[in-house]
Amino acid sequence: MMETTIILTVIMLTGLVGYILKSLTRSGAFAAVMVGLAVFLGFGVNGLVLLGAFFLTSSLWSKYKSSVKNPIEEKLAKGATRDWRQVLANGGAAGLFSFIYYFNPDSTWLIGFAVSLASANSDTWASEIGPLSKKAPIYIRTLKRVEKGTSGAISLLGTLAAVAGSLLISLLSFWLFHLDILLSFLIFLFGFIGNIIDTFIGAYYQQVYQCDQCGMETEKEVHCDLPTRRIKGTAYVDNDMVNFLSGFLAAMMAIFLIHLLINFFSHSF
C-alpha cells in the first residue's frame, strides 16, 4: 500500500514538474497524470519507466537547440509545450492498451503498448532532430525539397533519428518485460513503421492552412492574429490526429501479425 501511494505521488509530481518546466501546459499536465495512472494500472512500474523514457527524451530533444528550431514553429500548429491533445496524441494509445490489459492480461496488449510508444518516440525524435539537418527535407508527394517543418517531408538525419527513437523503446521493452528477441524486433519494426504512417498521412491527409496576411503555409488556424484559410488536407485531420492514428495503427498491425503467427504455428504443429 505504501509503495502504491509513493508511485501515485511520483506520477502527480511528474505532471507538476512538467508544468513548472513548461514542457506541459496545465491541461497537458493533467492528461499526462491520467495516462500515467492508466499505464501503472496495466503495466506497473515497468510500464511507467517505458512511458517516462518517451516523455523525458522527447522533452529533452524539444529543448535541444530550440533557438535553431524556433523559426520552424511558425509552420507548426503548436510549440514545444504540450497540451492535453498532444499528450493524448502521443500517449493516449499507450494508456488505452494499458487499460485493456488490466481487464484482459493478454501479452499482445503489452506489444501494442510498447509499439505505440516506439512509434511516438520515433516520430518525435524525427520531428525534433530532423530540422537540424543542413539540407532541406524531401516531400514524399513530389520528391522535391521543401521548407523544414513541412508535414510529409523526410530527411536522412530525421530518418536515422526515427530509427534510433524506436530502437530505444524496443531495447527498454526487452529489458523491462523480459521479452524475446523476435518480439523486441517487432516492437522496433512497427515503431518505425508508425513513423512512416505518420509521414504518409501527414503528406496526403493532414490539414494545411495559408495565412492571407503574410502568405505562409502553416498548420495553425490563426496566424498574424487573423484566421487562416485551409488549402489542403481532410477536415479534423490535424497533427494530433495524425500522431494518434499512426501509433494506434502501427500497434494494431503488430498485434494482428502476432495473432497470425500464433495461429499459423498452432495449426502447423
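Here the structure is shown first, and the text comes after it.
Residues numbered from 1 in each chain as written. Predicted model: local features only at pLDDT ≥ 70, side-chain atom pairs only at ≥ 80, totals over all residues. Heavy atoms only, no water.

Chemist: Whenever I open this one, the packing of helix 6 (residues 156-176) against helix 7 (residues 181-204) confuses me. Can you help?
Modeler: Axes are the key here: two packed helices are described by the angle between their axes and the distance separating the axes. Direction vectors running N to C along helix 6 and helix 7 enclose 150 degrees, while the axes themselves pass 8 Å from each other. Crossing hand, helix 6 versus helix 7: right-handed. Along its contact with helix 6, which presents T159, A162, V163, S166, L167, S170, S173 and F174, the element helix 7 presents I181, S184, I187, F188, G191, F192 and N195. Residues that form the contact of helix 6 with helix 7 fall into these classes: eight nonpolar, seven polar and no charged. (Axes fitted to C-alpha atoms, helices over the stretch in contact; angles between N-to-C directions. Helix = DSSP H or I, 4+ residues; strand = E, 2+ residues; numbered from the N terminus. Left-handed = near helix turned anticlockwise from the far one by under 90°. Contact = heavy atoms within 4.5 Å. Nonpolar A, V, L, I, M, F, W, Y, C, P; charged D, E, K, R; others polar.)

Chemist: Would you take a moment to explain the packing of aromatic side chains for this structure?
Modeler: Summed over the entire model, instances satisfying the criterion amount to 13 aromatic pairs. Both rings, one in Y102 and one in F103, keep their centres 5.0 Å apart while their planes meet at 85 degrees; by these two values the pair is edge-to-face. On the basis of relative accessible area, F103 is assigned to the exposed category, the value being 59%. Among the aromatic residues, those joined into a ring-pair cluster are F43, Y101, F113 and F177. Its end group placed over the ring of W84, R85 keeps NZ or CZ at 5.9 Å from the ring centre. (Phe/Tyr/Trp six-rings, centres within 6.5 Å; stacked < 30°, edge-to-face > 60°. Buried < 20%, exposed > 50% of the residue type's maximum accessible area, 1.4 Å probe, protein only. Lys NZ or Arg CZ within 6 Å of the ring centre and 35° of its normal.)

Keep in mind that these numbers describe shape and distance, not what the molecule does.
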